[in-house]
Amino acid sequence: MTGQRVTAALFIDCGEGREIRHGDRAGQIRYTRQPRARYECAACNYRSETVTGPDAVKAFVAHIRATHQAVCPAATTEGARAA
């Protein structure tokens, strides 16, 4: 793959936790280190803040994938697929 370069990076740390197996919270995860994510676009020099928490990370990733290409003046379809 000659001539390709990385123009954006989505960093996701899934955190560390254990599933609760008993009681009314069974199936939920108790985190000792919360999930977190951030995004950097080298094409337009955009750098997001780091978001923390499972719900916030899920919403952030969906938002970046859906919207960054539309607002980035240097975005390509290849970058959108990679993110």
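None of these values were measured; they are calculated from a predicted model. (Residues numbered from 1 in each chain as written. Predicted model: local features only at pLDDT ≥ 70, side-chain atom pairs only at ≥ 80, totals over all residues. Heavy atoms only, no water.)

### A look at the overall build of the protein chain
Note the cut-off: Segments assigned H or I by DSSP are reported as helices when at least four residues long, segments assigned E as strands when at least two residues long, and all are numbered from the N terminus. The buried label goes to any residue with under 20% of its type's maximum accessible area, the exposed label to any with over 50%, and the partly exposed label to all in between, with areas taken from a 1.4 Å probe on protein chains only. Only the protein chains shown count as cover for residues, and the accessible areas themselves come from Shrake-Rupley with a 1.4 Å probe.
Scanning the protein chain for helices and strands turns up two helices and six strands. Secondary structure elements of the protein chain, listed N to C terminal, follow the sequence β-β-β-β-β-β-α-α. Across the 83 residues in the protein chain, those meeting the buried criterion constitute 18%. Total accessible area computed for the protein chain in this model is approximately 6400 Å², and 49% of it derives from carbon and sulfur atoms.

### A word on the confidence of the model for the protein chain
Test applied: pLDDT runs from 0 to 100 and stands for how confident the predictor is about each residue.
Scored by pLDDT, the protein chain comes out at a mean of 83, with 86% of its residues at no less than 70. By mean pLDDT, helix α2 (residues 77–82) is the weakest element of the protein chain at 49, and strand β6 (residues 51–52) is the strongest at 96.

### Considering the environment of Ile64
In plain terms, the rule: Should any heavy atoms of two residues lie within 4.5 Å, those residues are counted as being in contact.
Of note, Ile64 is situated in helix α1 (residues 54–71). Judged by its relative accessible area of 5%, Ile64 is buried. When the C-alpha positions of Ile64 and Leu10 are compared, they lie 8.8 Å apart, and in sequence the two are 54 residues distant. The contacts of Ile64, once residues within four sequence positions are left out, are Tyr39 and Tyr46.

### Description of the nonpolar core
What counts, and what does not: Here, nonpolar core means buried Ala, Val, Leu, Ile, Met, Phe, Trp, Tyr and Cys residues that are tied together by side-chain atoms lying within 4.5 Å of each other.
Formed by Ala37, Tyr39, Cys41, Val57, Phe60, Val61, Ile64 and Cys72, the largest nonpolar core amounts to eight residues. Of all the secondary-structure elements, those providing two or more residues to this core are β4 (36–41) and α1. Ranked by residue count, the leading element in this core is α1, at four residues.

### A few points about the pairing of β4
Using the following cut-off: Pairing between strands requires that DSSP locate at least two bridges from one strand to the other.
In β4, alternate side chains face the same way, and those of Ala37, Tyr39 and Cys41 are buried while those of Arg36, Arg38 and Glu40 on the opposite face are not. One ladder, built from six bridges, connects strand β1 (residues 8–13) with β4; its direction is antiparallel. When the sheet's bridge partners are listed, Asp13 is paired in β4 with Arg36. Across two bridges, the pairing between β4 and β6 is antiparallel. When the bridges of β6 are listed, Arg36 appears paired with Thr52. Alignment of β4 against strand β5 (residues 46–47), held across two bridges, turns out to be antiparallel.

### Quick look at the pattern of salt bridges
Heads up, the condition is: A carboxyl oxygen of Asp or Glu within 4 Å of a side-chain nitrogen of Lys or Arg is what we treat as a salt bridge.
Applying the stated rule across the entire model yields five salt bridges. For Glu40, the salt bridge is made with Arg38, and the minimal N-O distance between the two is 2.3 Å. Overall, the relative accessible area of 23% leaves Glu40 in the partly exposed class. On the basis of relative accessible area, Arg38 is assigned to the partly exposed category, the value being 29%. For Arg47, the salt bridge is made with Glu40, and the minimal N-O distance between the two is 4.0 Å.

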